[in-house]
Amino acid sequence: MTIIRIPKSWELPEREVTPEAAYFNRRRFLKTLVGASIGASIMPIMGCQSSSDTDKALTATLELPKLESIKTNPAFATVDRPVTNELLAGRYNNFYEFGTGKSIWQAAQALPTDGWKVEVTGAVKNPRTYDIDDLLKKFPLEERIYRFRCVEAWSMVLPWIGFPMKLLMAEVEPTSKAKFVQFISYDDPQLRIGPSWTLGGKLPWPYTEGLTLEEMANELAFFAVGLYGHLLPKQHGAPLREVVPWKYGFKGAKSIVKIEFVESQPATFWNTIDPHEYDFEANVNPNKPHPRWSQATEKFIGKGADFSWEKRDTLPYNGYGEYVAQLYGNK
Ligand SMILES: Nc1nc2c(c(=O)[nH]1)N[C@H]1C(S)=C(S)[C@@H](COP(=O)(O)O)O[C@H]1N2
Ligand SMILES: [Mo]
């Protein structure tokens, strides 16, 4: 008789090292890291906790001040699939500063978000450093339900709260020199190397991303400060992150501390690691396979309250072609 052990739903994501992280185990990359420790620990953090303790601890990370009287933007009120369960989205994250697995939600609680400041600098008429509380009051907040597509071929639907990037542009007024923008995530070598993984210390930190100015000015480009009706949880990139739903998830830098307007294409984290695998533009495209896997379909996580997923055809520009295709010379 065979005993088949069915793992509890909350155990499932622990077992996977992400395809993005799997990259680091490849010889080509390791060769460039002389003396790097390969035995990076990717041990599940909550391996010895019971399911209900875990659920309680996770729920605590999501119990954040509510953002009151936020209206849903009618243009982004629904998509062709349900919103992903909050408890699933909150424990299935990519945040490599805190580890290579999907269960970084607990480690990410070490992110010190109190007194957060965001510096907006570079080729702008009005450089500013905002306290996060001022930023929250400055721009009218709205909710947008967006599809979210990771380059690893899984997807969700997330109800972000925030404001369009173009509002910030209007405030700081990029000069004619500004052609790109770079987003820089919070970085603390102590935090990142400590609990999670040794190899991580050798990567091109801080995490950076970038857009062209035209992309940033697009209606869809969004800064999120909240999710599911409350402030942004740390595992999702509190207190401020980029959301660019027509691009792969890695384009959305978390926990932004600096926004710099620049003349030429800025360096970005994944593009620096391997431009062949992660191009700067990174628009969702079902017809352009990743060198290691197809992008034609995706695993949509969000059918129900457990980790069951549904296979879906990937949409060009993640379904947002009507907003962005013209940026790339397509109709
Ligand atoms: N600073 C930082 N931002 C990041 C990442 C990261 O590792 N560090 N991972 C990216 C990737 S690969 C994805 S898929 C999304 C995941 O966002 P979520 O965990 O909120 O769903 O965050 C992106 N932003
Ligand atoms: Mo990703």
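Here the structure is shown first, and the text comes after it.
These numbers were taken from a predicted model, which means no experiment stands behind them.

Conventions used here
One numbering rule holds for all chains: residues counted from 1, following each sequence as written. For this description, chains carry letters from A and ligands carry numbers from 1, given in the order in which they are written. The predicted origin of the model limits local features to residues at a pLDDT of at least 70 and limits the giving and counting of side-chain atom pairs to 80 or more, whereas totals for whole chains, interfaces and linings rest on all residues. In computing side-chain properties, one takes all heavy atoms of the structure into account and sets aside hydrogens as well as water. Secondary structure follows DSSP: runs of H or I at least 4 residues long count as helices, runs of E at least 2 residues long count as strands, and numbering of each begins at the N terminus. Burial classes: relative accessible area under 20% of the type maximum marks a residue as buried, over 50% as exposed, and values in between as partly exposed (1.4 Å probe, protein chains only). We call two residues contacting when some pair of their heavy atoms lies within 4.5 Å. Side-chain atoms within 4.5 Å link the members of a nonpolar core, which is a set of buried Ala, Val, Leu, Ile, Met, Phe, Trp, Tyr and Cys residues. A single heavy atom is enough: if one lies within 4 Å of a molecule or strand, its residue is considered near that molecule or strand. In the analysis that follows, any N or O atom pair within 3.5 Å is treated as a polar contact, provided that within protein one partner can donate a hydrogen and the other can accept it, and provided that, for residues neighboring in sequence, both atoms belong to side chains. Multiplying 1.5 Å by the helix residue count minus one yields the expected span of that helix. Two strands qualify as a pair provided DSSP detects at least 2 bridges between them. Only the stretch in contact is used when fitting a helix axis, every axis being a line fitted to C-alpha atoms; angles between N-to-C directions are given from 0 to 180 degrees. Picture the helix axis, draw a direction to every C-beta atom, and the arc is the one those directions span. In what follows, salt bridge is the name for a side-chain nitrogen of Lys or Arg lying within 4 Å of a carboxyl oxygen of Asp or Glu. Stacked, tilted and edge-to-face are the three classes assigned to paired rings of Phe, Tyr and Trp, where Trp is represented by its six-membered ring and a pair needs centres within 6.5 Å; plane angles under 30 degrees give stacked, over 60 edge-to-face, the rest tilted.

Section: the overall build of the protein chain
Secondary structure assignment for the protein chain yields 10 helices and 13 strands. Going through the 331 residues of the protein chain one by one, you find that 54% of them count as buried. Residue pairs in contact within the protein chain that sit at least 24 positions apart in sequence constitute 75% of those at least 6 positions apart.

A word on the nonpolar core
Ranked by internal contacts, the top residues of the largest apolar core, which has 79 residues, are Trp 160, Phe 183, Met 216, Phe 223, Trp 246, Ile 259 and Phe 261. Here the element with the most residues in this core is strand β5 (residues 154-164); it accounts for seven residues. If you look at the next biggest cluster of nonpolar residues, it comprises seven residues, including Phe 95, Ala 107, Ala 108 and Leu 111.

Re the site of ligand 1
By nearness alone, 17 residues border ligand 1, and Tyr 96, His 236, Arg 241, Gly 252 and Lys 254 come closest of all. Ser 185 is positioned such that a nitrogen or oxygen atom in its side chain is 3.0 Å from a nitrogen atom of ligand 1.

A look at helix α3 (residues 51-62)
Taking 1.5 Å of rise per residue, the 12 residues of α3 would be expected to cover 16 Å, and the 17 Å separating its terminal C-alpha atoms lies within 8% of that figure. Residues of α3 that are buried sit in contact with α4 (86-89) and β9 (230-231).

Concerning the sheet that holds strand β11 (residues 256-262)
The mixed open sheet is built from five strands, whose spatial order is β3-β2-β11-β6-β7. Of all strands in the sheet, those bounded by a partner on one side alone are β3 (128-131) and β7 (208-212). Taking the axes of each pair of neighbouring strands and ignoring which way they run, one obtains an average angle of 15° across the sheet. With four bridges connecting them, strand β2 (residues 117-122) and β3 associate as antiparallel partners. Opposite Lys 117, over in β3, you have Asp 131 as the bridge partner.

As for the pairing of strand β6 (residues 180-185)
When you tally the buried positions in β6, you get six out of six residues, the bulk of the element. Where burial is concerned, the two faces of β6 agree: the one with Phe 180, Gln 182 and Ile 184 and the one with Val 181, Phe 183 and Ser 185 are both buried. Two strands pair when backbone bridges link them, and β6 and β7 are joined in this way by five bridges, in the antiparallel orientation. Counted as the bridge partner of Ile 184 is Thr 208 from β7. One ladder, built from six bridges, connects β6 with β11; its direction is antiparallel. Each bridged residue has a counterpart across the sheet, and for Phe 180 the counterpart in β11 is Val 262.

Quick word on helix α6 (residues 165-172)
Within the span of α6, buried status applies to Met 165, Leu 168, Met 169 and Val 172. Viewed end-on, α6 has its buried residues packed into an arc of 105°, placing them on one side of the element. Once α6 ends, the next one or two residues include Glu 173, with phi positive near 55°.

Some points on the pattern of salt bridges
In the structure shown here, the tally under the stated rule is 20 salt bridges. Between Asp 80 and Arg 81 there is a salt bridge whose closest N-O contact spans 2.9 Å. According to the relative accessible area criterion, Arg 81 is buried, its value standing at 7%. Notably, a salt bridge pairs Glu 171 with Lys 138, separated by 3.6 Å at the nearest N-O pair.

Observations regarding the packing of aromatic side chains
A full pass over the atoms with the stated rule returns 20 aromatic pairs. Arranged with centres 5.4 Å apart and planes meeting at 40°, the rings of Phe 76 and Tyr 323 form a pair that is tilted. With Phe 76 in the loop between β1 (71-72) and α4 and Tyr 323 in helix α10 (residues 321-324), this residue pair connects regions lying 247 residues apart in the sequence. The class for Phe 76 is buried, based on a relative accessible area of 2%. A relative accessible area of 21% places Tyr 323 in the partly exposed class. One aromatic cluster is present, formed by Tyr 96, Trp 205, Tyr 207, Phe 250, Phe 269, Trp 270 and Tyr 278 through successive ring pairs.

Honestly, that's just the spatial picture; any functional story needs more than this.
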